[in-house]
Amino acid sequence: MATGGGRVSGAGWDSEIQRLAAVKALRLLDTPREERFDRITRLTQRLLDVPIALVSLVDVDRQWFKSCVGLDAEQTHRSVSFCSHAIAEPTLMEIPDATADPRFADNPHVVGDPHIRFYAGQPIAGPSGHLVGTLCVVDMVVRHLDDAERELLRDLAAWVELECAVVQASQWERDAVRARTDFVSVLSHELRTPLTSIRGSLELALSGDFGELAAPQRKLVAIAARNADRLVRMSTDVLDLHRMRRGDLRLRFARVALAEVVDHAVHSVEHASRTAQVPVAVACEDALHLRGDADRLVQVLTNLLANAVRVSEPGTKVEVAAERRGNWTTLTVRDRGPGVPPEHLEAIFEPFVQFELPQQRQAGSAGLGLAITRGIVEAHGGSIRAYPAEGGGSVFEVQLPADGPEDEDRPWW
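First, a word on scope: everything that follows refers to the structure included in this document. It should be emphasised that the depicted structure is a prediction, and the values quoted were computed from it without experimental measurement.

## Some thoughts on the overall build of the chain
Inference 1: The helix and strand inventory of the chain stands at 10 helices and 15 strands.
Inference 2: Counting across all 413 residues of the chain, residues that qualify as buried make up 46%.
Inference 3: A separation of at least 24 residues holds for 69% of the contacts in the chain among residues at least 6 apart in sequence.
Inference 4: With the model as given, the accessible surface of the chain reaches about 20,800 Å², and the carbon-plus-sulfur share is 54%.

## What to know about the sheet that holds strand S11 (residues 318–325)
Sheet strands pair via backbone hydrogen bonds, and the direction of the pair is either parallel or antiparallel.
Inference 1: The 5 strands are arranged S9-S11-S12-S14-S13 in an open sheet whose pairing can be described as mixed. Of all the strands in the sheet, just strand S9 (280–284) and strand S13 (383–388) have a single pairing partner and so form its edges. For this sheet, the mean angle separating the axes of adjacent strands, direction not counted, is 15 degrees.
Inference 2: In terms of strand pairing, S9 meets S11 through 5 bridges, oriented parallel. Bridge pairing links Val282 to Val320 in S11.
Inference 3: Docked against the sheet, helix H9 (residues 294–311) engages S9, S11, strand S12 (328–334), S13 and strand S14 (394–401), running at close to 140 degrees with respect to S11.

## Some thoughts on the sheet that holds strand S4 (residues 93–95)
Inference 1: Within the open sheet, the 6 strands sit side by side as S3-S2-S1-S6-S5-S4. Their pairing is antiparallel. Both edges of this open sheet fall to strand S3 (75–77) and S4, since each of them pairs with a single strand only. Neighbour-to-neighbour, the strand axes of the sheet open up by a mean angle of 25 degrees, direction not taken into account.
Inference 2: Both strand S2 (residues 62–69) and S3 contribute to a ladder of 3 bridges, which runs antiparallel.

## Description of the packing of H9 against helix H10 (residues 369–379)
Inference 1: At a closest axis distance of 9 Å, the pairing of H9 and H10 adopts a crossing angle of 145 degrees. Note on packing geometry: the crossing formed by H9 with H10 is left-handed. Only Gly369, Leu370, Ile372, Thr373, Ile376 and Val377 of H10 make contact with H9, whose side of the interface consists of Arg296, Gln299, Val300, Asn303, Leu304 and Asn307.
Inference 2: Residue composition of the contact of H9 with H10, by class: 6 nonpolar, 5 polar and 1 charged.

## Things to note about the packing of helix H7 (residues 258–268) against H9
Inference 1: Contact geometry for H7 and H9: axes closest at 8 Å, N-to-C directions at 45 degrees. Taken together, the axes of H7 and H9 lie oblique to each other. Between H7 and H9 lies a crossing of right-handed hand. Within the contact between the two elements, H7 uses Val261, Val262, His264, Ala265, Val266 and Ser268 and H9 uses Ala294, Leu297, Val298, Leu301, Thr302 and Leu305.

## Remarks on helix H2 (residues 35–48)
Inference 1: Between the first and last C-alpha of H2 there are 20 Å, a value that for 14 residues agrees with the 20 Å anticipated at 1.5 Å per step.
Inference 2: With its phi angle positive at about 55 degrees, Asp49 sits one or two positions after the end of H2.

## Quick notes on the side chain of Glu397
Inference 1: With respect to the secondary-structure elements, Glu397 resides in strand S14.
Inference 2: The exposure class of Glu397 is buried, given its relative accessible area of 7%.
Inference 3: In this structure, Glu397 is in contact with Arg325, Thr330, Leu331, Thr332, Ser383, Ile384, Arg385 and Tyr387, ignoring residues within four places of it in sequence.

## Points about the pairing of strand S6 (residues 131–139)
Inference 1: Among the 9 residues in S6, 9 count as buried, and that is most of the element.
Inference 2: When strand S5 (residues 118–125) meets S6, the two strands line up antiparallel, connected through 8 bridges. Across the sheet, the residue bridging to Tyr119 is Val138, located in S6.
Inference 3: Adjacent in sequence and paired antiparallel, S5 and S6 are bridged by 5 residues, among which Gly129 carries a positive phi angle near 100 degrees.

Cut-offs applied
Residues numbered from 1 in each chain as written. Predicted model: local features only at pLDDT ≥ 70, side-chain atom pairs only at ≥ 80, totals over all residues. Heavy atoms only, no water. Helix = DSSP H or I, 4+ residues; strand = E, 2+ residues; numbered from the N terminus. Buried < 20%, exposed > 50% of the residue type's maximum accessible area, 1.4 Å probe, protein only. Contact = heavy atoms within 4.5 Å. Areas by Shrake-Rupley, 256 points an atom, 1.4 Å probe, with all protein chains shown as cover. Pairing = 2+ DSSP bridges. Axes fitted to C-alpha atoms, helices over the stretch in contact; angles between N-to-C directions. Left-handed = near helix turned anticlockwise from the far one by under 90°. Nonpolar A, V, L, I, M, F, W, Y, C, P; charged D, E, K, R; others polar. Parallel < 35°, antiparallel > 145°, perpendicular 65-115°, else oblique. Expected span 1.5 Å × (residues − 1).

Structure (structure tokens):
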């Protein structure tokens, strides 16, 4: 709050522009109050026994309060800001009696409400090192800080700097995650069209419609077709996960016969099951119904069955069961694999998490299947968990509301 407002000119503009860029980089201006900063101002007010304590940021033409205790305001104009003078130097600025200081004697906040007499402000630096604002205290009586109080104010200001660094680091991390996600999503989208075309061409070559291939050629084309198909599935998974996180993927709810969902999923893994010599045993009541998105529920069960077949030993079997338990419909998939280590039972539902097991006879996906599966289940108001099976292997249990939501069409949660 001071007449003159610490305006700069000439060569000082370069440093001021850098300082203002540092203020903007914090991305705290005009954000809601946060307990991390309010805690500091409350403590400052109590320890220094002052009516007003502020964490302020000095912008182009204003002093904006990120935290404010004892003053009913969100900001003041920079031209009447004490803090604009305080950030001119990195050291504590102390004004025992504002009426006796020519810089502030005619300041409207001195001659008028709230009739400031005492001010002390410790500049705070952003992560870049530029001074972005202050931790300051104000009183309506003339007073002096002692050495211990000055040291306390400096220490509390260092705490504010630490919180600013934490906030900015968190923002950078979120930006990095968003940038990676967007990049992968765009890349996956751009790859799908040529990959689909490649896969179709390879399947035509294998069909024999354009002439029979020699055995070595057929083997190579079949390998290429399988890998093209895997890449298409991976790109689809990435897009599904991206849409799920953005809330862009919609679910279409209707009355679903669970036996049909199970039948479709088992049929989807039939080739893999036969090749791996791991049959799928089904136990599902025909009368079971629920409300859900049938296609997405098939996707859930297909993901679980494909994983179970992949980790099971030849000659063993995968079991899938569905039953009603009170107000819930429960789906379970059991494999006879080595089992998921207990410490990884939660992590397996996170994106890009994979565990290489000796029983796997082929490369897995990008590690998105279980993350998408959990997203679909939770969008139905249900839950999914994994736990060790008696006698070895793992059980994946899905619980879904027996009745489900009434909405016919709604966004993915």
